[in-house]
Amino acid sequence: MELDFLEDLLCSKIGFIRQQLYIIGVEESDRDYLEGDILEEAYKSLHSMEDPEKIEGWLKTIIIRRVSKLAKKKPKRREVSNIMELETGETVDVYELYSDQKSAEEIFIEAEKRHVARELLETLPEKKKRIIQMRFWGDYTFKEIAAMTNTHESTVKSAFSRSIKQLGETFDKKYGKEERYDR
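(A) The arrangement of the environment of Gly168 in detail. Inspection of the secondary structure puts Gly168 in helix α8 (residues 153-175). Between the C-alpha atom of Gly168 and that of Leu120, which follows or precedes it by 48 residues, the distance is 8.9 Å.

(B) Main features of the packing of helix α3 (residues 28-44) against helix α4 (residues 55-73). Relative to each other, α3 and α4 sit at 130°, their axes nearing to 10 Å. Taken together, the axes of α3 and α4 are oblique relative to one another. Pair α3 / α4 crosses with right-handed handedness. Contact residues: α3 offers Asp30, Leu34, Asp37, Ile38, Glu41 and Ala42, while α4 offers Trp58, Leu59, Ile62, Ile63, Arg65, Arg66, Val67 and Leu70. A breakdown of the residues in the contact of α3 with α4 according to their chemical character gives 9 nonpolar, no polar and 5 charged.

(C) Focus on the packing of helix α2 (residues 14-24) against α3. It is at 10 Å that the axes of α2 and α3 come closest, and there the two elements cross at 130°. Comparing the axis directions of α2 and α3 gives the class oblique. Read as a crossing pair, α2 and α3 show a hand that is right-handed. Only Arg31, Leu34, Glu35, Ile38 and Leu39 of α3 make contact with α2, whose side of the interface consists of Ile14, Ile17, Arg18, Leu21 and Tyr22. Its residues assigned to classes, the contact of α2 with α3 shows 7 nonpolar, no polar and 3 charged.

(D) Seen up close, the pattern of salt bridges. What the rule picks out here adds up to 9 salt bridges. Note that Glu35 is salt-bridged to Arg18, the shortest N-O span being 3.0 Å. Placement of the pair is Glu35 in helix α3 and Arg18 in helix α2, with a sequence separation of 17 residues. Residue Arg130 pairs with Glu126 through a salt bridge whose shortest N-O separation is 3.5 Å. A residue pair is termed a helical-turn pair when its members lie 3 or 4 positions apart in one helix, as Arg130 and Glu126 do in helix α6 (residues 126-136) at 4 residues. Here Arg130 falls in the buried class, since its relative accessible area comes to 7%. Using a relative accessible area of 28% as the deciding quantity, one classes Glu126 as partly exposed.

Thresholds, definitions, all that
- Residues numbered from 1 in each chain as written.
- Predicted model: local features only at pLDDT ≥ 70, side-chain atom pairs only at ≥ 80, totals over all residues.
- Heavy atoms only, no water.
- Helix = DSSP H or I, 4+ residues; strand = E, 2+ residues; numbered from the N terminus.
- Axes fitted to C-alpha atoms, helices over the stretch in contact; angles between N-to-C directions.
- Parallel < 35°, antiparallel > 145°, perpendicular 65-115°, else oblique.
- Left-handed = near helix turned anticlockwise from the far one by under 90°.
- Contact = heavy atoms within 4.5 Å.
- Nonpolar A, V, L, I, M, F, W, Y, C, P; charged D, E, K, R; others polar.
- Salt bridge = Lys/Arg side-chain N within 4 Å of Asp/Glu carboxyl O.
- Buried < 20%, exposed > 50% of the residue type's maximum accessible area, 1.4 Å probe, protein only.

Honestly, it's all geometry; don't read function into it.
Rendered as structure tokens:
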């Protein structure tokens, strides 16, 4: 594989790295440092990449390793934000990143669902909220979340299950049980 092509590919994934760090809940003060660290590690091992199409999975592994290392040093976290500021200064809601190929009705329905989801997430304690966000919006496994939060995998699974149950109960109280599957 040509090194120039791989370097360009890696550079094109900076936004992906930033988004993952946001979803995970890395504090703003640590993001630049971690981003540089991740890029440096990825660049050093770029020559060993076998399949460029799997670069995001490869980067996730590096991200998990680096965030895990940070979690051991800094176990306390602030609340996770879903707003990401781009280099241009423009802000983007991470939850609202979706395909442009949807109809207006689909976009409206999804926006309403996201609003309800955000509202429900706010009822959870910070750690449980972060676990839900990493699992659903970051597509991280329980094992990966456990490594990044410096907890046991079984603890993460239990917290996730209890959180889902709590979210369901909160939804039922607010909207009624019959509405659950309509949303």
